[in-house]
Amino acid sequence: MQIARSRAVLLLACLAVAAPSCAGGGLPASPSFPPGAAAPVWEVPATQPPAPISSAEYAQRRSALAAGIQDGVFVAFGSVEPELDYLPYAQNASFRYLTGVTEAGAALVIVKQGETVREELFVLPRNPAREIWEGARLGAEGAQRLTGVPARTHDRLVPVLDSLLAQHRTLYTLTDAPTAAELGDTRTGEQQILAQLLARHPATRIVSIDNALRRLRAAKSPAELDLIRRAIYISALAHREAMRAVGPGMNEFEIHALVEYMFRRNGAERPAYGSIVGSGPNSTTLHYRDADRFMQADEVLLMDVGASYRGYAADVTRTIPVNGTFSAEQRAVYEIVLAAQKAAEAQARAGATWQQLNGEASRVLADGLTRLGLIDSPEATFRCQAAEGLGDCPQLRLFYMHGLGHGIGLDVHDPDPSHFGAFQIGSAFTIEPGIYVRADAFDYLPDTPENRAMIERLRPTLERYRNIGVRVEDNYIITPTGLEHVSAGVPREISEIEALMREPGMGEDTRLPDVVEWYRATEPGGAR
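Residues numbered from 1 in each chain as written. Predicted model: local features only at pLDDT ≥ 70, side-chain atom pairs only at ≥ 80, totals over all residues. Heavy atoms only, no water.

A. Main features of the overall build of the protein. Each helix and strand counted, the protein has 15 helices and 19 strands in total. Relative to a compact globule of 528 residues, whose C-alpha radius of gyration would be 24 Å, the protein shows 26 Å and is just as compact. With the C-alpha coordinates of the protein rotated into their principal frame, the extents come out at 70 × 60 × 55 Å. Taking all 528 residues of the protein together, 51% fall into the buried category. (Helix = DSSP H or I, 4+ residues; strand = E, 2+ residues; numbered from the N terminus. Rg over C-alpha atoms; globule rule 2.2 N^0.38 Å. Buried < 20%, exposed > 50% of the residue type's maximum accessible area, 1.4 Å probe, protein only.)

B. View of the nonpolar core. Core analysis: the largest hydrophobic core is formed by 118 residues, its most contacted members being F74, I255, F399 and F442. Residues contacting I255, with those up to four places away along its chain left out, are A242, A245, V246, M250, V277, M295, L301 and M303. Core analysis: the second largest hydrophobic core is formed by 17 residues, V73, A107, F122 and I193 among them. (Core = buried A, V, L, I, M, F, W, Y, C linked by side-chain atoms within 4.5 Å. Contact = heavy atoms within 4.5 Å.)

C. Broad picture of the packing of aromatic side chains. Under the counting rule described, the total for this entry stands at seven aromatic pairs. Note on W354 and F429: the rings are 6.0 Å apart at their centroids and 85° apart in plane angle, and the pair reads as edge-to-face. Taken as a pair, W354 in helix 12 (residues 354-372) and F429 in strand 15 (residues 428-431) lie far apart in primary sequence, 75 residues in all. F429 shares its class with W354; the two are buried. An aromatic cluster is present here, built from W354, F423, F429 and Y476 joined pairwise through their rings. Here the guanidinium or amino end of R520 rests over the ring plane of F294, the centre of that ring lying 3.8 Å away. (Phe/Tyr/Trp six-rings, centres within 6.5 Å; stacked < 30°, edge-to-face > 60°. Lys NZ or Arg CZ within 6 Å of the ring centre and 35° of its normal.)

D. Main features of helix 2 (residues 55-67). Between the first and last C-alpha of helix 2 there are 18 Å, a value that for 13 residues agrees with the 18 Å anticipated at 1.5 Å per step. Those residues of helix 2 that sit buried are E57, Y58, R61, R62, L65 and A66. (Expected span 1.5 Å × (residues − 1).)

E. Looking closely at the side chain of T430. Inspection of the secondary structure assignment puts T430 in strand 15. Judged by its relative accessible area of 0%, T430 is buried. With near-sequence residues (within four places) excluded, T430 lies in contact with D315, W354, L404, G405, H406, I408, E473, D474, N475 and Y476.

F. Inspection of the packing of helix 9 (residues 222-245) against helix 14 (residues 494-501) at higher detail. The N-to-C vectors of helix 9 and helix 14 enclose an angle of 70°; their axes lie 7 Å apart at closest approach. Between helix 9 and helix 14, the angle falls in the class roughly perpendicular. Across the interface between the two elements, R240, M243 and R244 of helix 9 pack against I497, L500 and M501 of helix 14. (Axes fitted to C-alpha atoms, helices over the stretch in contact; angles between N-to-C directions. Parallel < 35°, antiparallel > 145°, perpendicular 65-115°, else oblique.)

G. Representation of the environment of T461. Inspection of the secondary structure assignment puts T461 in helix 13 (residues 449-465). For T461, a relative accessible area of 16% gives the class buried. As a C-alpha pair, T461 and L374 span 87 residues in sequence and 5.9 Å in three-dimensional space. When near neighbours in sequence (up to four residues on either side) are disregarded, T461 contacts L372, G373 and L374.

As structure tokens, then:
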């Protein structure tokens, strides 16, 4: 569509399956698109007016953490500036959650004594000589204005902790106490400071409350859910543009670059994780990194890419045919994976558990692999290596070897209430079943009579489907009215994917194929 091609404007319209203000009570029926039909136009859903997370919300988070500890001192360390200041930097999720401060070298101290709770921030001092290289710093005054928390310069942190530990015997942290085995140059800065404090205050008891903070982080506020939605919508724009661009003969790095360009172009800070763009055999490698292979017409391309927006992550995966049309074998595998995802979706509601979702997805995957002839039966096993020797493992695990999903938030694998019990209203999570037909799936199994017989039976089917890796991953939020399919703007139906891939991509007029081909010619040992 020309509107989608130029993207001169983004029409904001409320979609019942994606917008927080009009989320429906369940997922819509799967759309159907006649062969050759145009892909439906997707519009960025209407959202509430954008706003930063308030200082009051950060204060509530710190208060909730303090309420869960006994008398003592709590210290949290932010990330440090990389040794070489031109290397990438990002604030660690827990410190950002508690303070909203993103600059390097900061620390938070909370002192609890009875009903009295005192907070103090420690930040790097203003330093014009360093700021020329690294950018402006908040300084103590700026940090206090931003957060409302009294602040001092970072050089006062250790003296203040020394003074406090002379009065308090418990030091709460987000890490374990340093042990003798950790002594040496390999310790983190945080571990070094803790070791110094313990040496001067040997009666101090260090208690990690990281799990308590993870439980707090699991419950997402409306402001957090809003940022997660925005990260997902930007990721949808990137996925859609990538689908339009893909074609035989292109290199994976072209799509990798296009996706991350779309992230940054639309305001995302960075990718939420290392972007995975793998074609052909690389589609069967779960966390494939290189993104430097030339794609062939008869292959699939797996794209596991998500944006980080104001620190909050999206995580969306699609698998598409390089030539724009699924082959019979690619279609067969894809349909099983998509059916497994939908089966898990049907179970996702407040009060449900991952065990329920996993059970449904695994049942569909096992039944489908049996129909294809890649496994003997849904319950079939093979002989595998276990801790106590040889054991029996499900044949399903030969082609599906990861978990079904996870929470999303400040980390791409973020805490969610479902990891401590059941899904709740406000749960933000992924569902991502997959099938990966690796060419060497049978090559490293224990050499037993049972395995040899299984391999002989299944090898012909493996050869037929080899190098087809399919993962379909979407992002969801459980709302008071049902399951919100936030990443619905990324096509997942076969007919919808094929329709979108027929549209022209934004980079066709500026692509320099001769320059791209330099990479093939300079590949040591020949192009892969």
